[in-house]
Structure formats: structure tokens, C-alpha cells
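Listed here are the chains, written in short residue letters.
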Amino acid sequence: MHREFICILCPNSCRISVEYEGTNIKNIKGDGCPKGKDYVKNEITNPLRVFTGSVLVESGNFSLASVKTPVPIPKKYLKEIGEITHCLKMKAPIKIGQVVAQNLLGEDIDLIATRKVNIINK
Amino acid sequence: MKEREVIIIGGGAAGLAAAVACKQKGIEDILIIERGDYLGGILQQCIHDGFGLEKFHTSLSGPEYAQRYIDQVKEKEIPFLLNSMVVNLTPQKEVVVANSNGLQHYRAKVIILAMGCRERTRGAIGIPGARPSGIYTAGVAQELINLKNYMIGNKIVILGSGDIGLIMARRLTLEGAEVITVAEKLPYSSGLSRNINQCLYDFDIPLLLSHTVVDIEGNGRLSGVTIAQLGKRGGIIPGSKRKITCDTLLLSVGLIPENELSREAGIVLDNITGGPQVDERGQTSVPGTFACGNVLQVHDIVDNVSLEAEYIVEGVARYLEGKLIKEQEIKVELGEGLRYVVPQKLISRKDTIFSFRVNQPGEKKILVFEDGKKVIKKKSLRRVNPAEMVRVKLSSSELEGIKRLKVRLV
Amino acid sequence: MKTTNNHYDVVIIGGGVVGCAIARELSKYKTSIAVLEKEDDVGWGISCRNSGVVHAGFNYKSGTLRAQLCVEGNKSFAKLCHELDVPYKKIGKVIVAQKKEEIRELKKLKTQGEKNKVGGLQIIDSAELKRLEPNVKGIAALYSPETAIISPYLLTIALAENALTNGVSFFLNTEAKSIAKLRNSDFRINTNKGEFTSSYVINSAGLYSDKVAHMVEKDKYRIYPCRGEYYVLDKNASWIINHLIYPVPKAGTGGLGVHFTPTIDKNILIGPSNEYIKQKDNLSTTSQIMKMLSAEAQKFLPLISSRDIIRSYSGIRAKQAPPSEGGYWDFVIEESNSVNNFINLIGIESPGLASAQPIAKRVVEIINKKEKLSLNSNFNPFRKGILRFEEQDEETKKALIKQDPDYGEIICRCEQVTKKEILEAINNPLGAKSLISIKYRSRAMMGRCQGGYCLTRIIEILRNEFGLTLQEINLKGDNSYLFSGYRSDEVNKL
């Protein structure tokens, strides 16, 4: 099978073409750096993505705290994690990097806060 | 009338970076004026990651990137006003600010314009059809979802494959909505390739190139749109119309630098960029008024906004020291293949960073800088795309003694 | 539905500019009055969707009601606007000829105007036209100094609010479904919100006046919808023209021709087109017409650029003349000759706005001849509108903010509308809460960014200060919800 990937690791967006069968890679062309090659390999065998989303905040100067997974997670879990964020709620104040949830889906998926939220007095 | 050395209009990415850079250059008397109730501008609602790859060598979300600068503003005790709108700007660098404390007048030695941009609307592009609710520009939808916790709809069609549209395609999907398709009127996407991959391919959202929305239906709420394919000359291909049932139409059809204040102050604007015409210091046609960020030209990567802000602050510092000498002015001429260039003119021959956008996507192109027939510099570009800004530095030795400057893409 | 026994001396069906003018006029007398309006707010039929021109009266055949009432209305419009605290500007109009043959038409209009007692009409040559309108292409023009511009939605709202102050009851979202004549000769009007009874019914239902008339009498009237599309230009283009610019009208068409209207808020309207359509509520704009409008604009005002377009909209004329005929029939303002005390207003298209108050006075006359109405000594003709912060001088602005800090918070950046004005717009006497209602009253969302900045802020005000639920926030009533729910399940109780 032949597919052209657009590498996402940096703005160069190298177009890398791959020939493969199942998870067996036969040929890679167009990679601008070793990271790109690894990226494409992963895209075929085990695509990973950083999840970003939001959780509700109580008593904050923002209604929501934006969150992310600190490391890329298997692409197949993205939507489910999204659903989970709809059920999470935190209390202000929130620091960037603060752990919001751990080991989601039993797959060692954590969420950390990416927006600083201060307490407001209502 | 309150006097200030530097007033920065806008507390988003550009304004924050400019403020921090000013302080680092030893400028003490700064005031940031922000109309919203938080600093960070559009970064606060861009909760996806990919920011900071160049500036901080790591991938940050928008709020994290903003916080790096907000923390510095707080650490360096740079004064700022929130919920304050600049309602008037004069060529004499006087500013009138409205907030709940009243109308305040300031006069500054330097004004830095950092107001960002607004979105092109349905009305401005003239999509025909009914006027139901459920039509949002992508940025507004992003604010409502990511900052206010409101869901705009369930079945979405997106018009425009610019970055904001693509990002929102992913965001809406992750938040549980169904994005039916993204339509793009050009034969190529106007977003970063990285985003097409992560936002559309990842979720099997079809991208319909050379398609646009030609009709809108719905009495109260939107009930559907009609899309059609466009031919080479932009006309609708007969028989290509197709109705899509949906309840939301998201528009990502362009950004317009927000230059109403600039216009009021008599600052000369560039018709193509929509922002002020500037010299290599970022100085507009009103001496002592500088511009950076999206208000100057629409950026695709926030790192470049910060770099641009830092770069123009060098000019700000020189201006305050009285060292901004105007040498012979050279207009930067635009040759073929390029949509625009910033700066539009040079008043000195110091190190200058030029920003461009090309007209068409292409590969293996060369950017040529010429002084009449003499080639000053050539830069190879592996791949170019109107969606991706090109930045090239020319050193003072390369610019020394030139009589004319023309740039073209071959 | 529970029957509400609401009896009024007069029920007015239709809360457009004419219905509201009648309500106000009648409230000068001791009568109980109710206005039934099927939409979420007043004026949402035709009244809010036209050019807002107070015509001088030369376009109409002498002796017709259109001619008489327009001239009468034009002469007293400034006073009306002053009483109602709505903006008014006697900006003047030029009808521009581009061909020699058209000058003959101009002269005819002048003669007709003078016969109708319109003042100040002059034929001007190209030099004078150039002086008045340096950017218009033309060889001669008819200049009418008495033509004025207003805000048609502010006027309709003001008429309603003043009528309300003077005792009129307004029932929004209330649609007449059927009307029966009772044995005591009263009317029983069945609506979606219950029953009303009245001694008089005034049919000012605009586009649906034929349908309402048909509720009591044989199919006598027929209204043909004729749509007009408009472009709105950015205020930055307002320097291009100084007066209303019209072409020489073509006989047999549905309208006065594509014209250029400087609005009272300093936008420019280009339009309207005129196109007979099938559905009375089809307010769509079309790409063919928009192209036509651009072409017409280029003919007269080559300086206009499509870059200046901020939006388009359409309005629908209630025409009595069928598509095969085109042109205009005269206003019908009369008591039905088969049903006593049922007064019909049929086919009130241009110059309906200019004629609104005189039409109302005629209706009062009809009732007065039968009832001998007695004056309401408490009638107050004055109504205060929402103060526009942007229009005040600096000292006043400072004083306003000091008195109320909500004047210092600018919500709509493009039109400089403050939080105070938005609060007043939401808190309007009629109780209308849709975004369009807020827009018409405050001007928020009417600027070049079309709500890009202020929409979120207005929604927060509706929720935090007025307690509207997410589901209740709507654009224009009738299922035009903005949100499908909260993003997060935690709060998702709709």
C-alpha cells in the first residue's frame, strides 16, 4: 500500500511517501530529518496525538480550564477522552501543569491544566 | 492628559511580547490597554497545541504560550488596563480610553498598535439564502466553546479550510459534534498542512476543494446548506449543487486586520495586507507609531508574532533615543509571485527581516532580491504556500548602498 | 388553550409601523386598545426592512391617497420624530438622469410634485449635480430638498413604546387565526394565545392583510409579495454621497428602482431590487440580484467597491398589483363594506412609512364618525429613547460614566455601543428579548464585524443580568436558538 503523509512535527511539513504492507514498512521517501521517519513509522504502526480540551472550573475567572495530555496518546482514544472531559470539574485556583485527571481509560492517560485560572469572589 | 513613554494598544500576543521587549530594553514607562477582561487575546481561546515550537522549542497550547508573557508582565510590573477600550487615536499620539472609571486621555511618545484582527463575515462575502440562527464565524464559535462552555450545534458544515476552520473541525469533533464536511473555494487548502492532517484526516472529515456554499436554508435555525463545485474561473459547475442537512454553518473565510483606530489617526494602510504600511522598524506613516502582530499582517504562527514584536521594539527604543535616522527612503517593489511584502519601505540599510506571502502554492522556488539589475540575495524555498508566511533576513552589508529594492519569486 | 376573556374597544392586528401609529393615534382618545403581533417584536414584517425614506410626495399620481398622505406625513415627520425621540434628517434627494430622454421624466415628476403641493423641487443641470454630488454620474437631476431619512425600526419601536405608555396593550407572539362576528356585533378573535373580543378590528397585517380580511369577508383582496434585496456598505464609504440618489423610475416595475440611501447611521444602502416571489416570508437574498445591484451601483457611483459591503438583507413589499401588471395601486384604508367596524389597510407599500401617521389619523376619523371618541387628557406624546453614548460630546460622556459606570464599558466596538445601552435595549418596555430586538434598539451587531466582538458579551449579559437560560437565547424568535446546549454534561440541564 502507498500513502503520502504530511509530517506534523515542525512547520516544514515534509511530504513523506511510504510503501507498506500492514505494519511492515518497505520504503520511505521525502523525510527531511530522522524524526520525520520515526513519525511516519509511528503513524502506520501506532499513531499518537496530544489531546487538548477543557474542563469546568468553579469560582474561577474563567469558566473553563484548558487541559492536555502531557504526552501523545493513541489516536483511537481522542474522542473518548473528549467525552470524559465533559464530566470533569475543578475548583479554582488552577496552575498550569496541575494534574486534572490520571490514568484515564486505564491506559495511563493523564490530563494536565494548560490555563492559569484565578479565584474570583462572587 | 496623562503622559506615557509607550502605550501599547492590545494585550494579546503582539502587545504582550512588545511590552516585555520594551522593558528588557530599559523602557520603564509602559501601559498596555486591553479591551477584554483578560490578557492573552486570542491565545486564551486557542487551547490546541503547536505554539512555541520556534520560540520556546516545545509545543504549547495557546493559554500556556500567553501565560509565559503574562507572567513576565506581572514579574516586571508592567502596568496594564483591562476592560478598557481605546475609542480615539490621533496623529499626535493621543489616546482616549473608555472604561467604567471614565474617559481618560493619554499622550505617548510611542504608540504600538497591537489590536489584532477581526473575521470576515457572511455578510461581507455575500452568501445568498435565508438568515437563520446557527451561522458562526470560527473564532466566535471557538470563544463560545472554549471559554464559555456553550455548544453551538450538532451537525456542522465548515466553509473555509484556513487554520481556524481546521482547528474548529477537530475541536467540534472532540466536543461531540458531527462535522459533516469542510468546503474550500480554492483548489488548495489555505491552512497549514499540519492542520489538514491532524484535524481532518485524523477524523475522516472530508475536505471538498473548489467548493463553496451557494445557499442557506432554515426559518428559525439553520436546516441545511447547498454547496457547489467551482470551475477554473470561479463559476459554479452546472449540476454540481448538493444539499447538506445540518444545523450549523461555521465560516473561516479570512481575517481582516483591525485598523479602524489606525485609519482615524491618518495612518496609511496597505490595501493588500489591510494593515499599516511600515518601514523596516515597524514604524507607520505617523512617526512614533509602530505596528506589530496581526494588526500589521495576518500571521499563521504566533512565534513569528512575538519575534516581530521584539524586532519592532528595537526601532521603538531607537526612536525614543532620537536615533531613528531617516536615510534615503526606498520603496520595496513587489515583483511576480508575491502577494505582499512587509515592510513596504526602507528608511535605513540596517539588518531587516522581510515577511512575505506568495500568490500560489509551489515547489522549489527562489526568492530574488534585486537592486535594478544587480541581484542582492537569492533564497531557495523548498515549498511555498499562500497560507505560510515566509520570513527572510537581509543584513546591513547586503543592503548597503542599494538604490532600489525589488523582490520577486521565480 | 385556556380562553382568556380579553375585551378591548379596538384590536389592531399587525404591529408594524402603521399598526403602531394607529395604536398611538387612538390612545389620544379614551379607548381600550390591543395590538396583536405574530412575531417576537414590532415591525418585523415590512416596517424594519425598507430604506427608511420619508418621501416628499412627487412620485405619486395626484389625487391618490398615496400622494395626499405622503405629503401630509412628510410635512409633520420632523415633529413626530422629535416627540418620539428618534433620529430624523432632512437630507434631500436627487433623481439622476443619465440619458436625455430621462430629463422629460424628471420634468413630469416635478410637475406632479408641485401639483401634490411638494415644496422646493428643482431641475438641476450637470454642473449643479456635480456640486451637490461630485461622485455621481449623471447629466441632470430632480432635486427634492424635503425628502428625509429616518431609522424605520427605531420609529416603529418608538411608536409602540409611546402607545404602551398611553395605555395600549401589546401582545407579541400572538397570531390571529380566525375572527367571528358575535351576536352583539362584537368580534371574537381567536389567536394562538387565547381569545380576544373587541368592538372594532383594524386589519394592519401588512403582507397578510388579505388573509386577515378573508377571515371575515369574501375573498376581496390579494397581496402579492414583491421582494427587494439590499446591500449595506461600511460607514467608511459614507463620504461617497451626500443625498439620497435615485434613478429615473421605470413605469410598470414593482419599485422605484435601485437607489442609494445614506442611512441615519451613516451606512449606505444599495437597493432595493424588485422581484415578485411566491412565498410571503422568503427573505432570502440571491446571488443574481446581488450581482445586479453591484452593476447598478457601478453605473451611478463607480467609486463604490465590493470591499465596503458589510451585509445584505431583503424586505418584501405588500403589493396589490399582480405580477402581470406591476406598478402601484392606491392605498386601501376603509371600513369593510360587508362587515361593520372592520377596518382594512391593504397594500401599504411605499410611501407607507412617510404616510404612517396620516393613515392612522384617517383610521381614527373613520371610528370617530361612528363613535364620537372623547379625548384622553392624560395622553403624553413624548417618549424618551435610549441615549446614544457615541453621539454625546466629551463632557456629557464623562458625566454619564460618572453617574453610571456601565456607560464606560463598550460592548459593540464597531458602533461604540455601551453596556448601559445594551441593558436598556434588553430591558425594553415591550419585553422583546431576541438578539435582533437588542440589535435594532441599540445598534450593537450592526457594524462591520457583524457581532464578531459583541455577540459573546451580549450573551453573557442576557445570562448573568437577565437570567435567560441557554435555550432562551435566540436570534429572532421562532426556533432560532443559538446553542444546542452546554458543552459539558455537568451543567447540561436544558
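In the segment running from Ala92(A) into Pro93(A), the intervening peptide bond is cis, with an omega of 5°. Residue position: Pro93(A) is located in the loop between strand 8 (89-91) and strand 9 (99-104). Within the chain, Asp108(A) stands out as a residue other than glycine whose phi angle is a positive 65°. The topology assignment puts Asp108(A) in the loop between strand 9 and strand 10 (109-113). At Lys364(B), a position not held by glycine, the phi torsion is positive, near 50°.

Attention shifts here to the interface of chain C and chain B. Contacts between the two partners involve 41 residues from chain C and, on the opposite side, 37 residues from chain B. For the side of chain C that touches chain B, the elements supplying multiple residues, two or more each, are helix 7 (287-300), strand 18 (309-319), helix 9 (394-403), helix 12 (454-464) and strand 23 (485-486) of chain C. If you tally residues by element for the side of chain C that touches chain B, the top one is helix 9 of chain C, at five residues. In the side of chain C that touches chain B, the residues fall into 16 nonpolar, 16 polar and nine charged.

Buried residues of helix 9 of chain C: Lys397(C), Leu400(C) and Ile401(C), and no others. All buried residues of helix 9 of chain C project into a common sector of 95° when viewed along the axis, lining one side. Along helix 9 of chain C, the residues that are exposed and aim more than 90 degrees away from the buried face are Glu395(C) and Gln403(C). Where helix 9 of chain C is buried, its residues meet strand 8 (102-113) of chain B.

This part is about the domain arrangement of chain B. All names here are of chain B. Parsing chain B into structural domains produces domain 1 (1-119 + 254-324), domain 2 (121-253) and domain 3 (327-410). For domain 2 versus domain 3, the distance between C-alpha centres works out to 35 Å. Here the residues of the side of domain 2 that touches domain 3 sort into two nonpolar, two polar and no charged.

Quick look at the nonpolar core now. Membership of the largest hydrophobic core comes to 272 residues, with the highest contact counts inside it found for Ile8(B), Ala18(B), Ile112(B) and Leu249(B). The next biggest cluster of nonpolar side chains, apart from the first, holds 22 residues, and it includes Leu64(A), Ile81(A), Leu104(A) and Leu111(A).

Residues and elements named next belong to chain B. Reading across from one edge, 10-18-12-13-14 is the order of the five strands in this open sheet, with parallel pairing throughout. Unpaired on one side and paired on the other, strand 10 (135-137) and strand 14 (207-209) mark the two borders of the sheet. In this sheet, neighbouring strand axes are inclined to one another by 20° on average, regardless of whether the strands run parallel or antiparallel. Where strand 12 (residues 155-159) lies against strand 18 (residues 248-251), four bridges are found, and the strand directions are parallel.

On to helix 11 (residues 435-442) of chain C, then. All names here are of chain C. When you tally the buried positions in helix 11, you get eight out of eight residues, the bulk of the element. For helix 11, the full list of buried residues reads Leu-435, Ile-436, Ser-437, Ile-438, Lys-439, Tyr-440, Arg-441 and Ser-442. Of the surrounding secondary structure, the elements contacted by the buried residues of helix 11 are helix 5 (152-165), strand 22 (417-418), helix 10 (419-426) and helix 12.

Residue and element names in this part refer to chain A. Judged by pairing direction, the sheet is mixed, and its five strands sit side by side in the order 8-5-6-10-9 without closing on themselves. The sheet terminates laterally at strand 8 and strand 9, the two strands that pair on one side only. Direction aside, neighbouring strands of the sheet carry axes that sit 35° apart on average. In the sheet, strand 5 (residues 52-58) pairs with strand 6 (residues 64-68) via five bridges, with the strands oriented antiparallel. Within strand 6, the residue paired with Gly-53 across the bridge is Val-67. Where helix 2 (residues 78-85) meets the sheet, it contacts strand 5, strand 6, strand 9 and strand 10, and its direction lies at approximately 10° from that of strand 5.

Residues and elements named next belong to chain C. Following both chains from N to C, one finds helix 1 (residues 17-26) and helix 5 inclined at 30°, their axes separated by 8 Å at the closest point. Comparing their axes, helix 5 and helix 1 come out roughly parallel. Considering only the axes of helix 1 and helix 5, their crossing is left-handed. The residues of helix 5 that touch helix 1, namely those facing Val-17, Cys-20, Ala-21, Ala-23 and Arg-24, are Pro-152, Leu-155, Thr-156, Leu-159, Ala-160, Asn-162 and Ala-163. Of the residues contributing to the contact of helix 1 with helix 5, the split by class is nine nonpolar, two polar and one charged.

This part is about the confidence of the model for chain C. Per-residue confidence for chain C averages 95 on the pLDDT scale, and 97% of its residues sit at or above 70. Both scores are available for the predicted complex, with the pTM at 0.95 and the ipTM at 0.95.

As a further point, take the packing of helix 5 (residues 163-174) of chain B against helix 6 (residues 193-200) of chain B. Relative orientation and spacing of two packed helices are given, respectively, by the angle between their axes and the distance between those axes. All names here are of chain B. Running from amino to carboxyl end, helix 5 crosses helix 6 at an angle of 20°, the nearest separation of the two axes being 8 Å. For the element pair helix 5 / helix 6, the angle class is roughly parallel. In this structure, the crossing between helix 5 and helix 6 has a hand that is left-handed. In contact with Asp-163, Leu-166, Ile-167, Ala-169 and Arg-170 of helix 5, helix 6 contributes Asn-195, Ile-196, Gln-198, Cys-199 and Leu-200. Split by residue class, the contact of helix 5 with helix 6 holds six nonpolar, two polar and two charged.

Turning next to the environment of Leu324(B). Residue and element names in this part refer to chain B. Along the chain, Leu-324 turns up in the loop between helix 8 (302-320) and strand 21 (330-334). Here the alpha-carbon distance between Leu-324 and Asn-385, two residues 61 residues apart in the chain, equals 35 Å. Every residue in contact with Leu-324, bar those within four places of it in the chain, is listed here: Arg-281, Gly-315, Arg-318 and Tyr-319.

So, about the pairing of strand 28 (residues 405-409) of chain B. All names here are of chain B. Burial along strand 28 is one-sided: Leu-405, Val-407 and Leu-409 are buried, while Lys-406 and Arg-408, pointing the other way, are not. Of the strand pairs in this sheet, strand 21 and strand 28 are connected by three bridges, and their pairing is parallel. Counted as the bridge partner of Val-332 is Leu-405 from strand 28. Note that strand 25 (residues 362-371) and strand 28 share four bridges and pair antiparallel. Note on strand 28: the bridge partner recorded for Phe-369 is Val-407.

Side-chain direction in a regular strand flips from residue to residue, so the side chains alternate between the two faces of the sheet. All names here are of chain B. Residues Thr-248 and Leu-250 of strand 18 are buried on one face, and the alternating residues Leu-249 and Leu-251, pointing to the opposite face, are buried as well. Taken together, the three bridges between strand 10 and strand 18 define a ladder with parallel strand orientation. What sits directly across from Ile-135, in strand 18, is Leu-249.

Cut-offs used in this document
Along each chain, residue indices are assigned from 1 in the same order as the chain's sequence is written. Whichever chain is written first becomes A and whichever ligand is written first becomes 1, with later ones labelled in order. Note on the predicted model: pLDDT of at least 70 is required for a residue's local features to be given, and 80 or more for side-chain atom pairs to be given and counted; whole-chain, interface and lining totals, by contrast, use all residues. Numbering goes from the N terminus for both helices and strands, where a helix is a DSSP run of H or I of at least four residues and a strand is a run of E of at least two. Throughout, a residue-residue contact means that the two C-beta atoms, derived from backbone geometry, are no farther apart than 7 Å. Amino acids outside the nonpolar list (Ala, Val, Leu, Ile, Met, Phe, Trp, Tyr, Cys, Pro) and the charged list (Asp, Glu, Lys, Arg) are all regarded as polar, and Gly is one of them. To assign burial, the other C-beta atoms lying within 10 Å of each residue's own C-beta are counted, with C-beta atoms placed from the backbone; 20 or more indicates buried, 12 or fewer indicates exposed, and intermediate counts indicate partly exposed. The directions from the helix axis to the C-beta atoms form the arc being described. An automatic or database domain assignment supplies the residue ranges for each domain. Only buried residues count toward a nonpolar core: Ala, Val, Leu, Ile, Met, Phe, Trp, Tyr and Cys, linked into one set through C-beta atoms within 7 Å. In this scheme, strands are said to pair when DSSP sees at least two bridges between them. For helices, the fitted line uses only the C-alpha atoms of the stretch in contact; every axis is such a line through C-alpha atoms, and the angle between N-to-C directions lies from 0 to 180 degrees. Orientation is classified from the angle alone, with under 35 degrees giving roughly parallel, over 145 giving roughly antiparallel, 65 to 115 giving roughly perpendicular, and any other angle giving oblique. For any helix crossing, the convention is left-handed if the near helix is rotated counterclockwise from the far helix by under a right angle, and right-handed if that rotation is clockwise. As a per-residue quantity, pLDDT reports the predictor's confidence and falls between 0 and 100.

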